[in-house]
Amino acid sequence: MAEQTAPPLDPNPQYDPPADLKSRMKASYDAIAPKYNEWTVSHSATRLRYLDQLLSRLPTTTSPSAPVSVLELGAGCGLPVTQKLLAHANLSVTANDISSAQLSIARANLLPDDPPGPAHGRLTLLDGDMLALDFAPAVFDAVVGMYSIIHLPRAEQVEMLRKIVAWLKPGGWLLANFAADEFAGAEAQNWLEEEKGWMFWSGWGSEGTLEKVREAGLEVVVRETVEDLPDEKFFLWILAKKSES
Ligand SMILES: C[S@@+](CC[C@H](N)C(=O)[O-])C[C@H]1O[C@@H](n2cnc3c(N)ncnc32)[C@H](O)[C@@H]1O
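What you see is a predicted model, and the numbers here were worked out from it, not measured in a lab.

1. Notes on the overall build of the protein
Move 1: Looking only at helices and strands, one finds six helices and nine strands in the protein.
Move 2: The C-alpha radius of gyration of the protein comes to 17 Å, within 12% of the 18 Å expected for a compact globule of 245 residues.
Move 3: Projected onto its principal axes, the C-alpha positions of the protein cover 50 × 45 × 30 Å.
Move 4: Across the 245 residues that make up the protein, the buried fraction comes to 55%.
Move 5: Restricting the contact set of the protein to residue pairs at least 6 apart, pairs at least 24 apart contribute 73%.
Move 6: Measuring between centres, the 21 positive side-chain charges of the protein sit 5 Å from its 33 negative side-chain charges.

2. Quick look at unusual backbone geometry
Move 1: A cis amide bond links Leu79 to the next residue, Pro80, at an omega of -5 degrees.
Move 2: Among the structural elements, Pro80 can be located in the loop between β1 (68-72) and α3 (81-86).
Move 3: Positive phi is not limited to glycine here, since Leu192 has a value of about 60 degrees.
Move 4: The residue Leu192 is located in the loop between β6 (182-188) and β7 (199-204) in this model.
Move 5: Of note, the phi angle at Glu193 is positive, near 60 degrees, even though the residue is not glycine.

3. Comments concerning helix α4 (residues 100-110)
Move 1: Here α4 has its buried residues at Gln102, Leu103, Ala106 and Leu110. The arc that holds the buried residues of α4, viewed along the axis, is 95 degrees, so those residues lie on one side.
Move 2: Looking at the buried positions of α4, the neighbouring elements they touch are α1 (21-41), α3, β2 (91-97) and β3 (123-127).

4. Examining the sheet that holds strand β4 (residues 140-145)
Hydrogen bonds between backbone atoms are what pair the strands of a sheet, whose relative direction is either parallel or antiparallel.
Move 1: Pairing is mixed across the open sheet formed by seven strands, whose spatial order is β3-β2-β1-β4-β5-β9-β8. Across the chains shown, the open sheet's two edge strands, defined by having one partner strand only, are β3 and β8 (218-228). Within this sheet the neighbouring strands show an average axis-to-axis angle of 15 degrees, counted without direction.
Move 2: Here five bridges tie β4 to strand β5 (residues 168-179), and the two strands are oriented parallel to one another. If you follow Phe140 over to β5, its bridge partner there is Leu168.
Move 3: In the packing of helix α2 (residues 45-55) onto the sheet, contacts are made with β2, β4, β5, β8 and β9 (233-242), and the angle to β8 comes to roughly 160 degrees.
Move 4: Running over the sheet, α4 touches β2 and β3 and is turned about 165 degrees from β3.

5. A word on the site of the ligand
Move 1: In the neighbourhood of the ligand, 22 residues make up the surrounding shell, with Arg47, Gly74, Asp97, Met130 and Met146 lying closest.
Move 2: The separation between an oxygen atom of the ligand and a polar side-chain atom of Asp97 is 2.5 Å.
Move 3: Backbone polar atom of Ile98 to a nitrogen atom of the ligand: 3.1 Å apart, as the coordinates give it.
Move 4: Relative to its free-state accessible area of 590 Å², the ligand is covered by the protein chains to the extent of 97%.
Move 5: It is α1 that contributes the most residues to the shell around the ligand, five residues altogether.
Move 6: Looking at the shell around the ligand, its residues break down into nine nonpolar, nine polar and four charged.

Parameters at a glance
Residues numbered from 1 in each chain as written. Predicted model: local features only at pLDDT ≥ 70, side-chain atom pairs only at ≥ 80, totals over all residues. Heavy atoms only, no water. Helix = DSSP H or I, 4+ residues; strand = E, 2+ residues; numbered from the N terminus. Rg over C-alpha atoms; globule rule 2.2 N^0.38 Å. Buried < 20%, exposed > 50% of the residue type's maximum accessible area, 1.4 Å probe, protein only. Contact = heavy atoms within 4.5 Å. Lys, Arg positive; Asp, Glu negative; His and termini not counted. Charge placed at Lys NZ, Arg CZ, Asp CG, Glu CD. Arc of directions from axis to C-beta. Pairing = 2+ DSSP bridges. Axes fitted to C-alpha atoms, helices over the stretch in contact; angles between N-to-C directions. Near = heavy atom within 4 Å. Polar contact = N/O pair within 3.5 Å; in protein donor to acceptor, adjacent residues only side chain to side chain. Areas by Shrake-Rupley, 256 points an atom, 1.4 Å probe, with all protein chains shown as cover. Nonpolar A, V, L, I, M, F, W, Y, C, P; charged D, E, K, R; others polar.

Such coordinate-based values are descriptive only and should not be taken to indicate function.
See below:
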């Protein structure tokens, strides 16, 4: 597949996301899911490296009988991240996505019917906008958001961080990546060269994002800026911890 070009960044701080952003995002990922997944799954080294860093901080191997609960935001097709989480028998995942096409692919990948795979009973798939999710406080050991929170408008990213912190147990972890550049919003009309590939991203930039993460109440333990080779974009990867008390 051809290499993808980075979307144009809109330097205009007055940029307003379209009012129908969420329905357009859903329609786009419903249309481009197979192409996106084929393109991205082969470039998963960075995702897996940070996932390993998260897993080494969770009691997945040290206390294999302790139940561990993870929320994954914008989980996509479930490969390879959700699958790797579910490889730990004491871990259950709530995987959310706005695209029902992505969730059906994830269901086929992770919950085969015949014979039922090992993840049955440990995976919940939740369709809808991540910002509209509602959970009781302090229910998750970790929240993961890879290449997904960046699809929210910037003000919503801040709101999302506040919700994530509320849903994390004391001592819980956030693993996520964000745009390293600061821009109020960027659109692509035909992302991945797909006719129906309208797309939107936004970012506070590395320093701005770190400030928002800390303001939300997390301690940043790992922060690294990494270039994604397929599309030459830079992302801030963070592992951040909620205080134990
Ligand atoms: C770039 S893909 C990343 C998928 C997966 N996390 C990965 O690393 O391959 C972004 C995913 O986020 C989902 N998404 C976009 N906006 C969302 C929103 N507001 N709420 C939930 N999911 C969203 C998309 O449908 C898509 O599956």
